[in-house]
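# Fold and geometry: a report
Each chain is listed here by its residues.
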Amino acid sequence: MKNIPIKKILFLCLLIALQTDLFPAIVDTPLANFSRAQRAWLLNQRSESAKLYLKESDTSARKQIPLTNAATIQFLDSDISAADELVGQALQIDPKYGPALLLKGQIEFQRGNIKAGTIYLRAAAKSHPQPEIPLYFLGRHLAKRNQLRDPLEVLKDAVSENKQFTPPYPIIGEILIRQGKISDAVEVLTDALKISYDAEILLALAHAMEKSGNLTEAKKYFSLFSYLFPKHSESISVQRWLKNNGVVQPYSHQFAPVPQRNTSDRFFPIGENTVYSVEWGPIRVGELNTVIAEALRFQNHDAYKVIFSLDSNPALEFIASLHSDYITIIDQSTKQVLQHFLHIRENNIVSDKVYDFDRVTGKFVCRSVEEDGHIQLLEKYLPENTIDGTSILFYSRQVVKEKHSERVMTIIDENFVISDINYENRKEIVTVRDKQENALVISGENYYKGIVGFTGNFRGWFRDDRTFLPVRSDFEIWVGRIAVSMATEEEQRQHKYAR
């Protein structure tokens, strides 16, 4: 083997290290401007983020926010003393700062100080921008201590604040079961499942059905849990229950394994940039822009980076204002999501989030930076083959290529919901930029309320060539239907609603 000078080896190693460090991450985009601490948090660089937030607190005009963020990271890393010291400093600056009160309450419960923890979490519920969160933690902590009445009322209050916030539901169901109110538990958990197919909701509903004596329904929900969450900590015991109860072919609720996909499925054209006009009747309400930005290597996957942007008509801001962008890294072959960045500016909702899809451990993790700058973490078990709600447009192109129908689990606002995509095996003539095209047709249904109220039935038309480019679609919304069509060449050039 030819000898290579040691200096050259060191230089190459340094070059590789620099390239790795400088490689743009999913949040490195002109769409958003993050501080170094925020960037590190969103990319799960916890230690670095905590140090940067502490440094930031020296110069911040609202020191309680970076102090609370640094304390939150210390708490997540189980350094309770350090977290308590920092959150104490934050509360000295602002005794009514909701996120700091929330963290202080959790710390007190962690130490076994139930009375103090309760006081702090109740105070947090009065000043936190999302009061359902401190109410949920209060109810959960109280329920762990075998109380029944108080946590039930607190958790119901959390649900009243935000019915789409699902963590309280399985605990409510478990408390009702312990109270002997089995039918009430079944009702609550059945309704909760319509909001999100969370592992804990499914599991609690299966137990409630078993307690009610309805073994048929119990088998159904235990089976679905086993199918969707094979990596859950309760999966082995559930599989044992199914075997003991004679279940040979578990129920899967029409979900099926995705087809085998390989390099022949890598057909997305890099650089594709398409603007669509969004119309409600005769009114042009906004623009949608999809971009296939680049091919890259991500977490040992050959991947695409794709962008989905939605901008509303500024003349209609008295009705709604949307300027949100979504960047997704998807596997080139399977079109499964690996990481997803949400830059949300939707009416009064301002937030930046990164979703991680850890399919090895079966976990979904959401890290967010909220409007005032405080950070939040949400972790759930991830159902098999789940994608995010905006990437379903890109995923549909794969379904059309394969000429098959598919039931897809999608994430909308951190909830797991169902979309059915039906390939109709036919074509229809549609007008695309004043020309007639014979396009492939899909139809389907979204079982949820998505962006700007997209829900219910939808239809889509795709170009019959090697790109399977979407050219037109329409969606049911809560006030009629929205039509999405490829913008004219002039509208494509102007893209005038983009901020």
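The structure under discussion appears in the preceding block.
Residues numbered from 1 in each chain as written. Predicted model: local features only at pLDDT ≥ 70, side-chain atom pairs only at ≥ 80, totals over all residues. Heavy atoms only, no water.

On to helix α7 (residues 114–127). Given a rise of 1.5 Å per residue, 14 residues ought to cover 20 Å, and the 20 Å separating the end C-alpha atoms of α7 matches this to within 8%. Within the span of α7, buried status applies to Gly117, Thr118, Leu121, Ala124 and Ala125. Buried residues along α7 cover an arc of 130 degrees about the axis, so they all sit on one side. Every exposed residue of α7 that faces more than 90 degrees away from the buried side is listed here: Lys115, Ile119 and Lys126. Elements in contact with the buried residues of α7: α6 (98–110) and α8 (132–144). (Helix = DSSP H or I, 4+ residues; strand = E, 2+ residues; numbered from the N terminus. Expected span 1.5 Å × (residues − 1). Buried < 20%, exposed > 50% of the residue type's maximum accessible area, 1.4 Å probe, protein only. Arc of directions from axis to C-beta. Contact = heavy atoms within 4.5 Å.)

Applying the stated criterion across every chain yields a total of 15 aromatic pairs. Ring centres 5.7 Å apart and planes at 35 degrees place the aromatic pair phenylalanine 225 and phenylalanine 229 in the tilted group. With a relative accessible area of 2%, phenylalanine 229 lands in the buried category. Lysine 380 extends its terminal NZ or CZ atom over the ring of phenylalanine 416, reaching a point 5.3 Å from the ring centre. Cation over ring: arginine 407 sits above phenylalanine 255, and NZ or CZ is 6.0 Å from the ring centre. (Phe/Tyr/Trp six-rings, centres within 6.5 Å; stacked < 30°, edge-to-face > 60°. Lys NZ or Arg CZ within 6 Å of the ring centre and 35° of its normal.)

Within the structure shown, the criterion is met by 30 salt bridges. Lysine 401 is the partner of aspartate 265 in a salt bridge, and the nearest nitrogen-oxygen pair spans 3.2 Å. On the criterion of sequence distance, the pair formed by aspartate 265 in the loop between α14 (235–244) and β1 (273–280) and lysine 401 in helix α15 (residues 392–402) is long-range, its members being 136 residues apart. The shortest N-O distance in the salt bridge between arginine 266 and aspartate 302 comes to 2.9 Å. On the criterion of sequence distance, the pair formed by arginine 266 in the loop between α14 and β1 and aspartate 302 in strand β3 (residues 301–312) is long-range, its members being 36 residues apart. Overall, the relative accessible area of 28% leaves aspartate 302 in the partly exposed class. Ionic contacts of the salt-bridge type, sharing partners, join the residues Asp84, Lys104, Glu108 and Arg111 into one network. (Salt bridge = Lys/Arg side-chain N within 4 Å of Asp/Glu carboxyl O.)

Moving on, we get to the packing of α7 against α8. One can describe the packing of α7 onto α8 by two numbers: an axis separation of 8 Å at closest approach and a directional angle of 160 degrees. The angle between α7 and α8 places the two elements in the roughly antiparallel class. The crossing of α7 and α8 is left-handed. Two secondary-structure elements touch here, α7 through Ile114, Thr118, Leu121, Arg122, Ala124 and Ala125 and α8 through Pro134, Leu135, Phe137, Leu138, His141 and Leu142. Its residues assigned to classes, the contact of α7 with α8 comprises 9 nonpolar, 2 polar and 1 charged. (Axes fitted to C-alpha atoms, helices over the stretch in contact; angles between N-to-C directions. Parallel < 35°, antiparallel > 145°, perpendicular 65-115°, else oblique. Left-handed = near helix turned anticlockwise from the far one by under 90°. Nonpolar A, V, L, I, M, F, W, Y, C, P; charged D, E, K, R; others polar.)

On to empty space enclosed by the protein, then. Summed over the entire model, instances satisfying the criterion amount to 2 cavities of 30 Å³ or more. Size it by volume and the largest cavity reaches roughly 70 Å³. Contributing to the lining of the largest cavity are Tyr227, Leu228, Phe255, Ala256, Val258, Glu384, Asn385, Tyr395, Glu406, Arg407, Val408 and Met409. Elements supplying a minimum of two residues to the lining of the largest cavity: α13 (215–228) and β10 (406–412). Of all the elements, β10 adds the most residues to the lining of the largest cavity, at 4 residues. A breakdown of the residues in the lining of the largest cavity according to their chemical character gives 8 nonpolar, 1 polar and 3 charged. Quantified by volume, the second largest cavity comes out at close to 40 Å³. Around the second largest cavity, the lining residues are Leu228, Phe229, Pro230, Lys231, His232, Gly362, Tyr381, Leu382 and Glu384. In the lining of the second largest cavity, the residues fall into 5 nonpolar, 2 polar and 2 charged. (1 Å grid on protein atoms, 1.4 Å probe; cavity = no way out; pocket = protein on both sides within 12 Å on 5 of 7 lines; lining within 4 Å. Points joined across faces, edges and corners; volume = space filled by probe spheres on them.)

Checked against the element boundaries, isoleucine 177 lands in helix α10 (residues 168–178). Taking the C-alpha atoms as reference points, isoleucine 177 and alanine 208, 31 residues apart in sequence, are found 6.7 Å from one another. Excluding residues within four positions of it along the chain, isoleucine 177 makes contact with Ile182, Ala185, Ala204, Ala208 and Lys211.

Ranked by internal contacts, the top residues of the largest apolar core, which has 147 residues, are Ile26, Val27, Tyr197, Leu202, Phe222, Leu228 and Phe341. Among the elements that line this core, the one with the most residues is helix α12 (residues 199–212), at 9 residues. With sequence-adjacent residues up to four places away left out, isoleucine 26 is seen in contact with Leu43, Ile327, Thr328, Ile329, Gln339, His340, Phe341 and Val354. (Core = buried A, V, L, I, M, F, W, Y, C linked by side-chain atoms within 4.5 Å.)

These figures come from the coordinates and say nothing about function on their own.
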